[in-house]
Amino acid sequence: MAHTCSIINIGDKVVVGALDTSFLPGVPKVFPGTVSANGPCFFGLVPNIGIPQATVMIGPPIGIPAPTSLQVDGISIFRTGITNFFTLNNYFASCTKFAPTIRNSTSITNGNSTNNGLTVCNGLVTINASLNVAAGVTIGGAMVVGGMIRTPNITAGHGQFGSVGAPFKFFDIPHPSKEFPHRLRYSCLEGPEICVYVRVVLQGTNEIELPYYWNDLVDEDTITVQLTPIGSHQSLCYAVAKMKDRISILVNPHGFNTHTIRCSYTVYAERKDVKKLVTEYEGATE
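Residues numbered from 1 in each chain as written. Predicted model: local features only at pLDDT ≥ 70, side-chain atom pairs only at ≥ 80, totals over all residues. Heavy atoms only, no water.

K.L.:
Give a description of the sheet that holds strand 11 (residues 247-251) that names residues and reports values.
P.N.:
Pairing is antiparallel across the open sheet formed by three strands, whose spatial order is 8-11-10. The sheet is open, and its two borders are formed by strand 8 (207-209) and strand 10 (238-242), each paired with just one other strand. In this sheet, neighbouring strand axes are inclined to one another by 25° on average, regardless of whether the strands run parallel or antiparallel. As paired elements, strand 8 and strand 11 share three bridges and run antiparallel to each other. Across the sheet, residue Glu209 finds its bridge partner in strand 11, namely Ser248. (Pairing = 2+ DSSP bridges. Helix = DSSP H or I, 4+ residues; strand = E, 2+ residues; numbered from the N terminus. Axes fitted to C-alpha atoms, helices over the stretch in contact; angles between N-to-C directions.)

Here is the structure:
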């Protein structure tokens, strides 16, 4: 039988339904302000009033110009089950998640997002603004960049597959002789080998002392030397001298005209600390 009244005061407990499920055995049955309801509870202007869709249905307050339907000032604990948010979800303070978070739709973050643990993305990730990474980034697959990459250093792996692939390679710097925004761009020399070189002017001696580390860096059988006389014609030739701890180039090794030698030289050699370059191979990519 329905009962209607304007105000009703209840001292300790209200039980709606046949069962009182608000206590456990051995626990007092009465706590001041307890409500025990076995059916659905409707609060405010809930959608589809009279049609139970959940145990508790909460809508906007009736006659109160408040912006929220539910406000919790303490700690909320969701112990089991699934929590579905069908509309906007705002976090004005820290959000701590101790279990996986699965997003099957768009997630928009307009503020800072701090993640101190592992983030696993099994789908496409689109970033429409700048991305700042203070630590290392490990990429297991291909990285496709539509714009420019600016970095002071790129370190590739060793061996045949440690490379930076491009149709051609530039170095691009602020112009050393013109004011901003002028720049200077050079193209890198390319060839069918991985090699190093040194070049200087030789005068007063007939020995070109190569860097000491070339002994362990280059294959001496691949050394080639270009000699260019300076000032006047000179008959120049060379021989590679393999010492115990270094490699030298002797110009006019048989001793003729060594005191008048004045020339520029360029010495090339192929590196032996990496695999030889394979210039032709099958495959769409490396």
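So that's the structure; there's more coming.
K.L.:
Talk me through the pairing of strand 2 (residues 34-37); I want residue IDs and the actual numbers.
P.N.:
Of the two faces of strand 2, only the one carrying Thr34 and Ser36 is buried; Val35 and Ala37 on the other face are not. Across four bridges, the pairing between strand 1 (residues 13-16) and strand 2 is parallel. When the sheet's bridge partners are listed, Lys13 is paired in strand 2 with Thr34. (Buried < 20%, exposed > 50% of the residue type's maximum accessible area, 1.4 Å probe, protein only.)

K.L.:
Outline the environment of Pro181, supporting the account with residue identities and numerical values.
P.N.:
Inspection of the secondary structure puts Pro181 in the loop between strand 5 (170-174) and strand 6 (183-187). As a C-alpha pair, Pro181 and Pro52 span 129 residues in sequence and 68 Å in three-dimensional space.

K.L.:
I'd like to hear about the pattern of salt bridges, residue by residue, with values.
P.N.:
Under the counting rule described, the total for this entry stands at seven salt bridges. As a salt-bridge pair, Lys13 and Asp20 come within 2.4 Å of each other at their nearest N and O atoms. Residue class for Lys13 comes out buried when judged on its relative accessible area of 19%. When the shortest N-O distance is used, the salt bridge between Glu190 and Lys169 registers 3.6 Å. (Salt bridge = Lys/Arg side-chain N within 4 Å of Asp/Glu carboxyl O.)

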